[in-house]
Each structure stands twice: as C-alpha cells, then as structure tokens.
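Now for the letters of each chain:
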Amino acid sequence: MASSLTKDSVRPDTPGTGKTFFGHPRGLATLFMTEMWERFSYYGMRALLPLYLVAPGGLHLSAGTATAIYSVYVSLVYLLALPGGWVADRFLGPRRTVAVAGLIIMLGHLALALPTAGTFFVGLGLVAIGSGLLKANISTMVGHLYDGPDDARRDAGFTLFYIGINLGAFVAPLVIGTVGENVNWHFGFALAALGMALGLAQFLLGSRHLSARSDVVPTPMSPAEKSATLTKGLVWLAIAAVFYGIVGFTGHFTLNWALVPLTLIGLIVPIVVIARIRRDKDLDTAERTKVSAYVWFFVAAAVFWMIYDQGGSTLSLFADASADNTVLGWKFPVSWYQSVNPVMIMALAPVFAWLWVWLNRRGKEPSTIVKFASGLVLVGASFFLFLAPLSIAEGGHKAAAMWLVAIYFVQTVGELTLSPVGLSVTTKMAPAKYASQMMGVWFLAVTAGDSVTALLSNPAVGGVNLDRMGFVALEAVLAVVAGFAVWMYRRKVNALMGDVR
C-alpha cells in the first residue's frame, strides 16, 4: 500500500496533511490496513471454528453444541461493542483502545493455537473482548480524519475502509482455512494471530498519521468515578469467580454453565437497552416516537441476522457433512465457502449504490421500510433455496457446491438491501442524547438474532436440528412473513418516523 501514497494538495488544517492515500488523509491507510488484518484474523478463525468444534481431530462436539458455541461467540462480539465504546469514551480514547484491542485479539488467537480445550475457550473469550473494543472505535477514527460531516471525501473514505474489511474477510478463509483444514487446526489459528500481529504493528507505526482527536477521551471519568467503577467490576468478578469455582470443584460444571447465561444476556440486554432509551424522560415526544418506530427495524434486523449468520454455522456444517465440495473435479476446503460473501459484497455494493441513486433521480427509490422488507424476504428465500440441497442429501446424495453458492448469493443481496440502510436509518432516528450509542444498539440486533439461534440449537435447551427441512422451512416462512408484516404496516411506521425517510 505504500506505493499508493502520493503527493496531493489538501487544506493545511485537514488531518493527514502531506502524503495521501488515494487522495485521502494518510491515516486512512493505517486504519485500512489495521481493519483488513483484524478482519483477516477474525474471519479466518470464524471459518474454522464450527468445523474444528465438530471434527474428530478437534473438539468432536455435536453439531447442535457447535452451532450454539459459534452463535454465542458472534453475539458476544457485537454485544461487547457497547462497552467497547464506553471504554474509549470514559477511559482510554479511541486510539489507545484500538491498540489494546489488537493486543487482546492477538493473545486470544495464540490461546486458540494451543492444543487444549481450556485454552481454546479462553482464546474465544479474548478474541470476542478484543473485537468488541476494536469494532466500536476504529470506524470513529476514520471519521476523525475528515473535516466534519460536510467533507466531500468522507463517504468515499468510508467506502475504501469498507473495501479493506471485505478484502481481509475474502482472503482469510482461503489462507487460514486451507492451513487449518489441510495441515493442522492450530496452525490455522496461529496464522490468525500472525495476521493480527501484523495489523497491530502497522497500527502502532502509522498511528502518528491519525487525527489528534483520536487520542482524546471525550468524557473522562473523575478519580472518584474510576475508583467506584473499578470496585464494582472487581466485586462482580469475585462473585463470578466464587460461583464458578464452587460449581467446578463440586464436579457439576459443564459447558452450558457458560453458554446458557451468555445466551440469556444476549437476549435480555438488547431489550433493556432499548426500553431504557424509550423511557428516558429527557427525550421529547418526537424522539420517543422515532424510537418506537425504530423497534420495528430492530426486530426485523434481528430476524434477518438470525438466519443470515447461520451461513457460518448451519450451512458450513451441512457443507462439511453433505455437500460435494468440488469444482470441475477439484476438491476445495469447506471453509472457502466463507469467502463467497465478501467477494460478492465487493462486486455488488457499487452496483447497489448506483442503483439507489439512479432510482432516486427518477423518483422511484424504494423507501427504507420497503428495502428492509425486501431484505427479510430475500433471506427467507435463501432458506427456501436451502431446502433443495437438504432434500438431495436426505436422498443419500451429495449436494452440488453451486447450491450453497446460490444461497450465499441471495443472502448477500438481502444484506445489501438491509444492512447499509439499517446503519443509515439508525443515525437518522437516533435521539440527540444517544447519537453515538445508537450505533451500538444497531449491533445489538445481531446479538439478539444469534442468541436466538444459540438457544434453539443448544441440546440442553432447544435441542433443535437447524439443518432439518421442517425447521429450515419454518425459518424461511418466518422471515418472509416478517417482511410482509413490515411492508403491510409501512404507513404506521412511516407516521412514527416523523420527518425521517
């Protein structure tokens, strides 16, 4: 990327004066590469995770337990984005928080690389904590590089940053997945640690190009507040340590002593957070009404992510057991399926961006509600499509790889219809008091959706086989019905949205 840095004329008061990155502040190169390597480590490990959990040479767990672990892990990453933003706002500032996050993620992957079950789960926890800290703050630092919201380069800068995310996500399964499946699982996890180490090193070396705002702690705690917060944290940590120590020493501990509480937290926290915002007496009537409208979008998004994120668990495990993973007679690793979505995102995102502008000029751009409804219908359609390879497998045959590619394609189109629109409507409908926190609320929709999947798939709770035709059809119907419900009540929701469109 260094060869892409050229001389350019920029305003002297704009961050990144001097050399630029494709005409953008030079700090964007630092954040682009940091996010690319972090996503490389995250998606590479995630592509291996369900396969390792069920493999005889891995932890050899049931598919239901593996899906529950995978879903709880993903839900935690997004849940922890909320405290991740809080740590930066009150303690460290975005830049130092991201540096700490990178170190924690790297240590987590190193723990995953050790061939013991105990260190494996410790590693999962560390990666989830680090990802939550990083996810909440690195996008904020991209915004700091520009001269306010009206900087003409701002949207293009975020687009470049988005390419970095998907570039890392695309390459990761091809490299880490291949090594993990074909050489050694733990070598694959070690490669993820190497990727994060490279990202952390270049972040530390290039942080001098970031905006000075990224070093600022926006609302720092007073010494008294820090002491009180630390005391509360240590008390809760001691309570948890004593409780789980008793459970462990008495021989009653099982994996579900951790999975079930984390699943319930993933369901309860989103409800509590939204209810607290809705009841805040500082909000005026218009703001409360918009929050009520936003609940519709949140529930719709939770249903969407519940199905969509099974692309990394249910679909991956099906591919491992029941698909013919070959192209023209050449067999490829199952983890490679996880590269399909990011490459399609990179190919289709510019098309969708152009399409919305083209329709808008003609006065025919669909409303936010219609886009949301379309996303739900599409993700439901992807699971109706899933019924075909499931039927082939039940007949005793291997399903062709292109069936799975087609499912990922439909889900990607649904994602592009719903996800960017959700980010946009979240910023538009956020009460002024919660302007920053509402982005964390949007991520909680992922937490809620994945927590439902974890609850259903866990043999100790729901015990549902998520790759059975009956339940797949039920999920597909749920998504399509939810999409039509959002569309049917579009006038009511539009009225609640006030001036937001």
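Please read these numbers as outputs of a predicted model, since none were measured by experiment.

Basis of the calculations
- Residues numbered from 1 in each chain as written.
- Predicted model: local features only at pLDDT ≥ 70, side-chain atom pairs only at ≥ 80, totals over all residues.
- Heavy atoms only, no water.
- Domains from an automatic or database assignment.
- Salt bridge = Lys/Arg side-chain N within 4 Å of Asp/Glu carboxyl O.
- Helix = DSSP H or I, 4+ residues; strand = E, 2+ residues; numbered from the N terminus.
- Buried < 20%, exposed > 50% of the residue type's maximum accessible area, 1.4 Å probe, protein only.

Peer 1: Provide a residue-level description of the domain arrangement of the chain, including the pertinent values.
Peer 2: Looking at the assigned domains, one finds that the chain contains domain 1 (21–220), domain 2 (224–252) and domain 3 (254–500). Averaged C-alpha coordinates put domain 1 and domain 2 at centres separated by 27 Å.

Peer 1: Outline the pattern of salt bridges, supporting the account with residue identities and numerical values.
Peer 2: A full pass over the atoms with the stated rule returns five salt bridges. Arg-95 is the salt-bridge partner of Asp-215, the closest N and O atoms lying 2.3 Å from each other. Taken together, the residues Asp-215 in the loop between α7 (185–206) and α8 (223–249) and Arg-95 in helix α4 (residues 94–112) connect sequence positions 120 residues apart. With relative accessibility at 30%, the residue Asp-215 sits in the partly exposed group.

Peer 1: So what's going on with unusual backbone geometry? Which residues, and what values?
Peer 2: Positioned with a positive phi, His-60 is a non-glycine residue whose angle comes to about 55°. By the secondary structure assignment, His-60 is in the loop between α1 (27–54) and α2 (63–79). Positive phi outside glycine occurs at Leu-328, with the angle close to 55°. Its place among the elements puts Leu-328 in the loop between β5 (326–327) and β6 (330–331). On the basis of relative accessibility, which here comes to 89%, the residue Leu-328 falls in the exposed class.

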